[in-house]
Amino acid sequence: MNKKVAQTENLQEKIAAMRAGGEILGRLLKDLREYVQPGMTGKEIDAWVRAEIVKRGAKVAYDYLDEDFPGAICISVNDTLVHGTPNEEVLEEGDKVSFDLDILYQGYYTDAAFTMLVGNKGSAAVKAMIKTTENAMWAGINEVRPGVKIGDISFAVEKVLRKGKLGVIENYVGHGIGREMHMEPDVPNYGVRGHGYTLQVGDTICIEPMSCLGKPANYIDETSWSVKMKDGSIGCHCENTVLVTEEGCEVLTDWR
């Protein structure tokens, strides 16, 4: 078979699988937002997510990590920024919680995350942080098209976060995705226009701003997974998997 034809067919296979997987993931996260209520534990939510992933025809991506993650979804509460492990702590009214979920569908990964307040109450500052971080993600997504440099995306994300006077997390970044959960190129949340990898049609990347209300220094706690803010401030994380198209881009995992 002609190599160029084979590559085209493989790209079409990738796009079809990731588009379908992304739709499953986006819908699941929408349903998760409605499911979460005060009084639930992380373990309870994790069990629901695991069952829903399987029911919807996908696989639990975290089961395929080289290291053993104790759950199907990352649940990061209050001063936990990312990679929070599901536990028996009860979610209270007004808690900030970030959900980060990967699924595996037809051999391809998709990845998305959102942050919410539990219940009907919550800090105005946290609400503003969540909104600003989401806006930063969309500013980055709006840059995506063939020929754009990763630095253009990173610059757009950082600009919104800085304008919102949020701490910008620099030691965790977005990434490429496809046959593997994390692939090149890295997609930082800070950067300089015109620098870095040049996007091509068919590339799939995860744009995932992470911010905080205090200083951005963080550490991994005794679980060996959960990333917590050193100053105890509230952290925020949102993410979508994005496909580069000839016309611009397509958000595969839209959870709005």
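Residues numbered from 1 in each chain as written. Predicted model: local features only at pLDDT ≥ 70, side-chain atom pairs only at ≥ 80, totals over all residues. Heavy atoms only, no water.

Participant: Break down the pairing of strand β9 (residues 204–207) for me, with residues and values.
Facilitator: Covered by surrounding structure in β9 are Thr204 and Cys206 together with Ile205 and Ile207, the residues of both alternating faces. Note that strand β7 (residues 174–176) and β9 share two bridges and pair antiparallel. Considered in β9, the bridge of His175 is made with Cys206. The pairing of β9 with strand β14 (residues 240–244) spans four bridges and is antiparallel. Residue pairing across strands places Ile207 opposite Asn240, the latter belonging to β14. (Buried < 20%, exposed > 50% of the residue type's maximum accessible area, 1.4 Å probe, protein only. Helix = DSSP H or I, 4+ residues; strand = E, 2+ residues; numbered from the N terminus. Pairing = 2+ DSSP bridges.)

Participant: Residue-level account of the nonpolar core, with values.
Facilitator: Membership of the largest hydrophobic core comes to 52 residues, with the highest contact counts inside it found for Leu32, Ile45, Val49, Phe99, Leu101, Ile153 and Ile207. Elements represented by at least two residues in this core include exactly α1 (3–35), α2 (42–55), β4 (96–105), β5 (108–117), α3 (124–141), α4 (150–163), β9 and β14. Counting residues per element, this core draws most heavily on α3, which supplies seven residues. In this view, Ile153 contacts Gly140, Glu143, Val144, Val148, Val187, Leu199, Ile205 and Ile207; residues no more than four positions away in its chain are not counted. Ile15, Ala61, Tyr62 and Phe69 belong to the second-largest nonpolar core, a separate cluster that totals 16 residues. (Core = buried A, V, L, I, M, F, W, Y, C linked by side-chain atoms within 4.5 Å. Contact = heavy atoms within 4.5 Å.)

Participant: Account for α2, with residues named and values stated.
Facilitator: Under the 1.5 Å per step criterion, the end-to-end length of α2 is 20 Å for 14 residues, consistent within 8% with the ideal 20 Å. Taken as a whole, α2 has its buried residues at Gly42, Ile45, Asp46, Trp48, Val49, Glu52 and Ile53. Angular distribution of buried residues about the axis of α2 spans 160 degrees; they occupy a single face of the element. Exposed side of α2, more than 90 degrees from the buried face: Val54 and Lys55 are the residues found there. One or two residues past the end of α2 sits Gly57, with phi positive at roughly 90 degrees. (Expected span 1.5 Å × (residues − 1). Arc of directions from axis to C-beta.)

Participant: I'd like a rundown of the side chain of Lys96, residues and numbers included.
Facilitator: Topologically, Lys96 is positioned in strand β4. In this structure Lys96 is buried but unpaired, with Asp79 as the nearest side chain of opposite charge at 7.3 Å. A polar atom in the side chain of Lys96 sits 3.2 Å from the backbone oxygen of Ser76. Among all residues touching Lys96, those that are not within four sequence positions of it are Ser76, Val77, Asn78, Thr80, Thr115, Met116, Leu117, Val126, Ile234 and Gly235. (Lys, Arg positive; Asp, Glu negative; His and termini not counted. Salt bridge = Lys/Arg side-chain N within 4 Å of Asp/Glu carboxyl O. Polar contact = N/O pair within 3.5 Å; in protein donor to acceptor, adjacent residues only side chain to side chain.)

Participant: A description of the packing of aromatic side chains should follow, citing residues and the corresponding values.
Facilitator: Given two aromatic rings, their pairing is described by the distance between the two centres and the angle made by the two planes. All told, the structure shown has five aromatic pairs when counted by the stated rule. Between the aromatic rings of Tyr35 and Trp48, the centroid separation amounts to 4.4 Å while the plane-to-plane angle is 10 degrees, which identifies the pairing as stacked. Taken as a pair, Tyr35 in helix α1 and Trp48 in helix α2 lie far apart in primary sequence, 13 residues in all. Residue classification places Tyr35 among the partly exposed residues on the basis of a relative accessible area of 23%. Of the residues examined, Trp48 reaches a relative accessible area of 18% and is grouped as buried. For the pair Phe69 and Trp225, a centre-to-centre distance of 5.1 Å together with 90 degrees between the ring planes defines the contact as edge-to-face. Note that Phe69 is positioned in the loop between β1 (59–60) and β2 (74–77) and Trp225 in the loop between β11 (218–220) and β12 (227–229), a separation of 156 residues in sequence. Considered together, Phe69 and Trp225 belong to a single accessibility category, that of buried residues. A connected cluster of aromatic rings, assembled from ring pairs, spans Tyr62, Phe69 and Trp225. (Phe/Tyr/Trp six-rings, centres within 6.5 Å; stacked < 30°, edge-to-face > 60°.)

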